[in-house]
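# Breakdown of the fold
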Amino acid sequence: MARVRVRVSTGVLLLAGIVAAPALAGAQQPQSPPPAAAAASPAQVTQVREELERLRLEFEALRRTYDERLRQLEQRLIQIGGGPMALTPPATPTSPPDPQQAPPPPQQQTDPAIVQPGPAQQPAGSSKVFNPDISVNGNFVGAAGRNQFATLSPMQLSEVEAAFQAIVDPYARADFFVAVGPDGAEVEEGYITFTSLPANLLLKAGKLRANFGKMNTLHTHALPSVDRPLVTENLVGGDEGFADAGMSLSHLINNPVVYLELTGEVFAGLSDVFHSVKRSELTYVGRVRGYHDLNDASNIDVGASFAYGPSTIDLPPPLLTGLEPAPIIQAAGMNKRMAAIDATFRYRPPSRAIYQRLNVRTEFIWSRQELPEQAFESAFGMYASGEYQFARRWYIGGRYDRSGRTLDGDAIDTGGSAFLTFWPTEFSQIRGQFRRINFAEGAKANEFLFQFNFTIGAHGAHVF
Amino acid sequence: MRTQILRFSLCAATLAVGRAALFAAPPAPLHVVTTTADLASLAREVGGDRIEVAALANPTQDPHQVDPKPSFILQVNRADLLIAVGRELEIGWLPPLTTSARNAKVQPGGPGYLDASTNVKILEIPTGQITRAMGDVHPQGNPHYWLDPANGRIIARAIKDKFSELRPADKAYFEQRYAQFDTRLAAAEKKWDAMLAPYRGAKLVTYHRSWPNFMERWGLNVMGYVEPKPGIPASPSHIIELIEDMKRQNVKLIVMEPYFSSKTPDSIAARVGGSVIVLAPSVGAVKEAGDYIQLFDYNIGKLTDALKLAAGR
C-alpha cells in the first residue's frame, strides 16, 4: 500500500505540474514575458506542446493502471476484512443459473445517508461508545377555562426531563432523570440497579419513585392524559409524587402460572408525602404485584401497596393571633399509613398492535393521617380510566376521579376528563383534554387542557 | 468363600453401575429464549432435543412494537441463553426485560447473551449525520437481516458455537445438527435461486424496509416504499408520487407485511393496475411458514407467482 501511495503521489504531482504550468505561464505573461519564451520559435512551441501531450497521455495511462489496482485492492480488503461474504460457503450460489441472460444487479432505492453494504461489526475504538443513552423530553402544557384553584398557567413549559441511562458494569445499570421546571431543577430519580443478584433479587438504591400504586411510578411523559388523577394530587404528592432517597429490594417468585413480584422499600422521608425530621424515623413501602396473560392479546396486572412513615403537616392557623398573615404552624413526626390497590386490563391484538389497543385502569388509595392529640384523619380516593387506540396515530380516553383530602377526608372532590391524543411518531404527542372538577367547597372547574410532549435523543423503553 | 465374596462384590458393583446408568437423570435441556420466532427456529434446528426454546415476540406482530410484558420477564429469568436480533430492533422492549429478569447470565455481555447480528451481512448502515427526520432509522443498520438465508446460516453457526460453549459435552451433537441444517439449507437455496433467477432485476415496492437482505440476495429491485420514511405512515403526496413512479417504471407489485393495514397498498395497486402480496417476515407469521426453511419456501413461492402474474400484465 505504501508503494502505491508513493506512486500515486508522484502521479498527482505530475498532474499538478501539467495543470499548473500553463496557468503559471498565463499568469506571468501579461506582466513580463520571459525573454526565452518571447524568443521561442514556432518549432520550439510545437515541440513543447508535443512533449506536454505525451506526458498527459502517459499520466492518463498511469492513472488508469492505478485506479484498476486500487479497485482490486479494495475488493481484496473487503473480502479479507468484511467477513460476511467470505463466511458464505461456496455451496450456496447467489447468482442465477445463467448469468449471461440475467440483467445486471439492481440498485435499491436508498437514502443519501444510507449505504447498502456495511461492515459486519461496528468499530469500538472511541470512548464515546461508553457514553450513556441521553434523551430530553419537553412537556409544554396550557389551560383555558375556569378554575378558582387553578394551578396551571395559560401556557408553560411545565417540565424538561433529561434522562441519562447506561450499564455501569457487569453487575449493575444506572438511570438518572433530571427534571427542570418553573420551580427549578431537581433530580426526579437517580438510582443504581443491581441486575446480577442471586435468589431472584433486584436491588435499587438512590432517589426513586416509590413502588406505591401504579400512577406514582409513571413519569409525566408516560401519562395517558395531561394531568394526574385527583387522588394523586390530593393524597400522593401530585406531579412530584412520592419520590424519595432510599433503597428498593424486590423478589421475583418464578412460577409457571403467574408473574408475582414482592417489593420492600425504605426511604429517608424527604418527600411531600412522607417527611421525617429524625434520622431514626424512616418510611417503609411494601408492594405485591401479580400479572397474567389471559391470551396473546390481553392481560391483567394487579397490585397491592402499603406505606408507613412519619409526616409533617400544616395545622390550621390558631384564631385571634392578631398577626397578618397568620403564621404556619407545622406538626412533625405525625405517623401516616397509606394503602392502595390497582388493576389494569390491557388488550392489544398482536397482528393489529400498530393500530389498536385498549388500556383500562383503576386505583383505590386509602390514607390514615395522625393528627396532634392522638387524633386520626382517614381519607379515600380513586380513579378509573380508559384509553383506546382507534387508528395508527390516534387515541381517545376518559377518566373518572373521586378523592378526599389527606387532612379532611370528608372533603370529597370529584371530576371527569375526556382526552384525545395524536401521536405523529413515538417521539411526540399532541393532546387535548376537557376536565371538569367539582370541588368539595362547591366550586366547579371546567377547563380545556392541551399538551405538546416531545422527546429527542435515545429511543427509550416502551411504556407498559 | 473368597471367590463367592468376589463374585458378590462384582455383581453388586455391576448392579450399582447399571442402576446409575439407567436412572441417572439426563442433563437438563438448555433453556433458550429468543426475541423472535426466526431465531427460535434456527436455535431449534441446531439444538434439537438438547434445548428448550421460546420466542418472546409474537410472529404476527411488528417486532419493533412489542410490549415489555412481565410474563416475558419470567421467561428471561429462567433462560440459560438469550438470543437477540440486535441492531436496536428490540430497543423499546428488551432492555427493561433484561434489567428486571434478575438473571446475571443473560445480561448484555454475559455468557448467556448472544447478539445474532455480530457476523452477519448488514445493509443500510447510515453514514454521516442521521436525525429522526429520517424516520425511525436504525443507526446500526437494517435489523431485518435474517431474511437472507446466507445470514441464516451465519446465525445458526453462531448459535451452534454458543450452545457448544455452554454445553461442551453436547458439542458433537450440535455440530452434527448444524451440518444437517447447512446441507438442507444449501439444497433449498439452489431451488430458491432457480425459482427467482428469471425475475432478477424485477422492480417492486415494499411497505416497510423489511426486505433489503431478501431483495438483494435475489437481485430484486425495490424502487419505492409505501412508507415515505421508516415508521412514518404514507402521506397523500407521497402516495401520488409513488403511483406516478410505479406507472412510469411499469411496476405492478407491492409486497407488505401482515401487521400493516392493506388499505393504502390496495388503493395504490388499484391505481397502477397491480397487486399486493402479503409475505411472512417471520417464522410463524403464517401457518405455512413453520420453520426457517419453510419461511423462504412460502415467501419465494408466493413471490414468484406474483412476479409471473405481474410480468404477464
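Residues numbered from 1 in each chain as written. Chains lettered and ligands numbered in written order. Predicted model: local features only at pLDDT ≥ 70, side-chain atom pairs only at ≥ 80, totals over all residues.

## Regarding the overall build of chain A
Our working rule: Only DSSP runs of H or I covering at least 4 residues are called helices, and only runs of E covering at least 2 are called strands; the numbering of each starts at the N terminus. Each residue is classed by its C-beta neighbour count within 10 Å, where at least 20 other C-beta atoms makes it buried, 12 or fewer makes it exposed, and intermediate counts make it partly exposed; the C-beta atoms are placed from backbone geometry. Note on contacts: residues are paired as contacts if their backbone-placed C-beta atoms lie within 7 Å.
Tallying secondary structure elements over chain A gives five helices and 17 strands in all. Looking at chain A as a whole, 27% of its 464 residues are labelled buried. When contacts within chain A are restricted to residue pairs at least 6 apart in sequence, long-range pairs at least 24 apart make up 55% of them.

## Considering the pairing of strand E10 (residues 298-315) of chain A
Residue and element names in this part refer to chain A. What counts is decided by this rule: Note on pairing: DSSP must find at least two bridges between two strands before they are called paired.
Note: strand E9 (residues 283-293) against E10, ten bridges, orientation antiparallel. Bridged to valine 288 within E10 is alanine 304. The turn joining E9 and E10, which pair antiparallel and follow one another in sequence, is formed by four residues. Here E10 pairs with strand E11 (residues 329-347) via 17 bridges, running antiparallel. Bridge assignment links asparagine 299 to a residue of E11, and that residue is arginine 346.

## Comments concerning the sheet that holds strand E9 (residues 275-278) of chain B
Residues and elements named next belong to chain B. Note the following rule: Axes here refer to lines fitted to C-alpha atoms; in helices the fit is confined to the stretch in contact. Angles between the N-to-C directions go from 0 to 180 degrees.
Taken in spatial order, the four strands line up as E7-E6-E8-E9 in an open sheet, and their pairing is parallel. Unpaired on one side and paired on the other, strand E7 (221-225) and E9 mark the two borders of the sheet. Adjacent strand axes in the sheet meet at a mean angle of 35°, parallel and antiparallel pairs treated alike. In the packing of helix H10 (residues 292-312) onto the sheet, the strands contacted are strand E8 (253-256) and E9, and the crossing angle to E9 comes to about 175°.

## Things to note about helix H5 (residues 149-166) of chain B
This is how it is decided: For a helix, the expected span equals 1.5 Å multiplied by the number of residues minus one.
Compared with an ideal rise of 1.5 Å per residue, which puts 18 residues at 26 Å, H5(B) spans 25 Å between its outermost C-alpha atoms and is within 8% of the ideal. In terms of burial, H5(B) is largely enclosed, as 13 of its 18 residues are buried.

## Observations regarding the nonpolar core
Selection rule: Put simply, a nonpolar core is a cluster of buried Ala, Val, Leu, Ile, Met, Phe, Trp, Tyr and Cys residues tied together by C-beta atoms within 7 Å. Annotation comment: domain bounds sourced from an automatic or database domain assignment.
In this structure, B:Ala43, B:Ile83, B:Ile155, B:Ile159, B:Val205 and B:Ile254 are the most contacted members of the largest nonpolar core, which totals 95 residues. Of the residues forming this core, the biggest block, eight residues, is contributed by H10(B). Of the domains in this structure, domain 1 (30-191) and domain 2 (198-312) of chain B are the two that each give at least three residues to this core. Ignoring any residue separated from it by four or fewer positions in sequence, one finds B:Ile83 in contact with B:Val32, B:Thr34, B:Leu39, B:Ala43, B:Leu114, B:Ala116 and B:Ile159. Grouped together as the second largest cluster of nonpolar side chains are 21 residues, A:Phe267, A:Val273, A:Ala379 and A:Ile437 included.

## A word on the packing of helix H6 (residues 171-196) of chain B against H10(B)
Residue and element names in this part refer to chain B. Stated formally: Relative orientations are named as follows: roughly parallel for angles under 35 degrees, roughly antiparallel for angles over 145 degrees, roughly perpendicular for angles from 65 to 115 degrees, and oblique for any other angle. Under the scheme applied, nonpolar residues are Ala, Val, Leu, Ile, Met, Phe, Trp, Tyr, Cys and Pro; charged residues are Asp, Glu, Lys and Arg; polar residues are all the others, including Gly.
Interhelical geometry of H6 versus H10 gives an angle of 5° and a closest axis separation of 10 Å. Considering their axes alone, H6 and H10 lie roughly parallel with respect to each other. Contacts from Arg184, Leu185, Ala188, Trp192, Met195 and Leu196 of H6 reach H10 at Ile293, Phe296, Ile300 and Thr304. The residue inventory of the contact of H6 with H10, partitioned by class, reads eight nonpolar, one polar and one charged.

## A short note on the domain arrangement of chain B
All names here are of chain B. Under the domain assignment, chain B is made up of domain 1 (30-191) and domain 2 (198-312). Each of domain 1 and domain 2 has a C-alpha centre, and the two are 25 Å apart. Each partner contributes to the interface: domain 1 provides 28 residues, whereas domain 2 provides 23 residues. Elements supplying a minimum of two residues to the side of domain 1 that touches domain 2: helix H2 (37-47), strand E5 (123-126), H5 and H6.

## Brief notes about the pairing of strand E7 (residues 243-253) of chain A
Residues and elements named next belong to chain A. As judged from the nine bridges shared by strand E6 (residues 201-209) and E7, these two strands associate in the antiparallel manner. Within E7, the position partnered with leucine 203 by the bridge is leucine 249. Alignment of E7 against strand E8 (residues 259-267), held across eight bridges, turns out to be antiparallel. In the strand pairing of E8, glycine 246 is matched with phenylalanine 267. In sequence, E7 turns back onto E8 through a hairpin of five residues.

## Digging into the confidence of the model for chain A
All names here are of chain A. The test is simple: Note: pLDDT gives the predictor's confidence per residue, expressed from 0 to 100.
In this model, chain A carries an average pLDDT of 82, and 74% of its residues clear a pLDDT of 70 or more. Per-residue pLDDT stays below 50 along residues 1-39; that stretch engages in 15 contacts with residues further than four places along the chain or on separate chains. For residues 81-113, every residue scores under 50 in pLDDT, and the model assigns this stretch 51 contacts once sequence neighbours within four places are set aside.

## Re helix H9 (residues 263-272) of chain B
The α-helix winds at 3.6 residues per turn, so residues separated by three or four positions along the chain end up facing the same way. Residues and elements named next belong to chain B. Defined as follows: Arc, as used here, means the arc of the directions from the helix axis to the C-beta atoms.
Within H9 the residues assigned to the buried category are Thr264, Pro265, Ile268, Ala269 and Val272. All buried residues of H9 project into a common sector of 130° when viewed along the axis, lining one side. Exposed side chains of H9 directed beyond 90 degrees from the buried face belong to Lys263 and Ala270. On the buried face of H9, the contacting elements are helix H8 (236-249), E8 and E9.

## Points about the sheet that holds strand E2 (residues 51-55) of chain B
Residues and elements named next belong to chain B. Ordered in space as E2-E1-E3-E4, the four strands form an open sheet in which the pairing is parallel. Pairing within the sheet leaves two strands with one partner each, and these edge strands are E2 and strand E4 (113-115). The average angle at which neighbouring strand axes cross in this sheet is 20°, direction not considered. With five bridges joining them, strand E1 (residues 30-34) and E2 adopt parallel strand pairing. Directly across from leucine 30, in E2, lies its bridge partner isoleucine 51. Docked against the sheet, H2 engages E1, E2 and strand E3 (81-84), running at close to 170° with respect to E2.

## Overview of the packing of H2(B) against H5(B)
All names here are of chain B. Operational definition: Crossing handedness is defined as follows: a turn of the near helix away from the far one that is anticlockwise and smaller than a right angle gives a left-handed crossing, while the clockwise case is right-handed.
Remark: H2 packs on H5, axes separated minimally by 9 Å, with the N-to-C direction vectors making an angle of 55°. With respect to each other, H2 and H5 are oriented oblique. Crossing handedness for the pair H2 and H5: right-handed. Contacts between H2 and H5 pair Leu39, Leu42, Ala43, Glu45, Val46 and Gly47 from the former with Gly152, Ile155, Ala156, Ile159, Lys160 and Phe163 from the latter. For the contact of H2 with H5, the per-class residue count stands at eight nonpolar, two polar and two charged.

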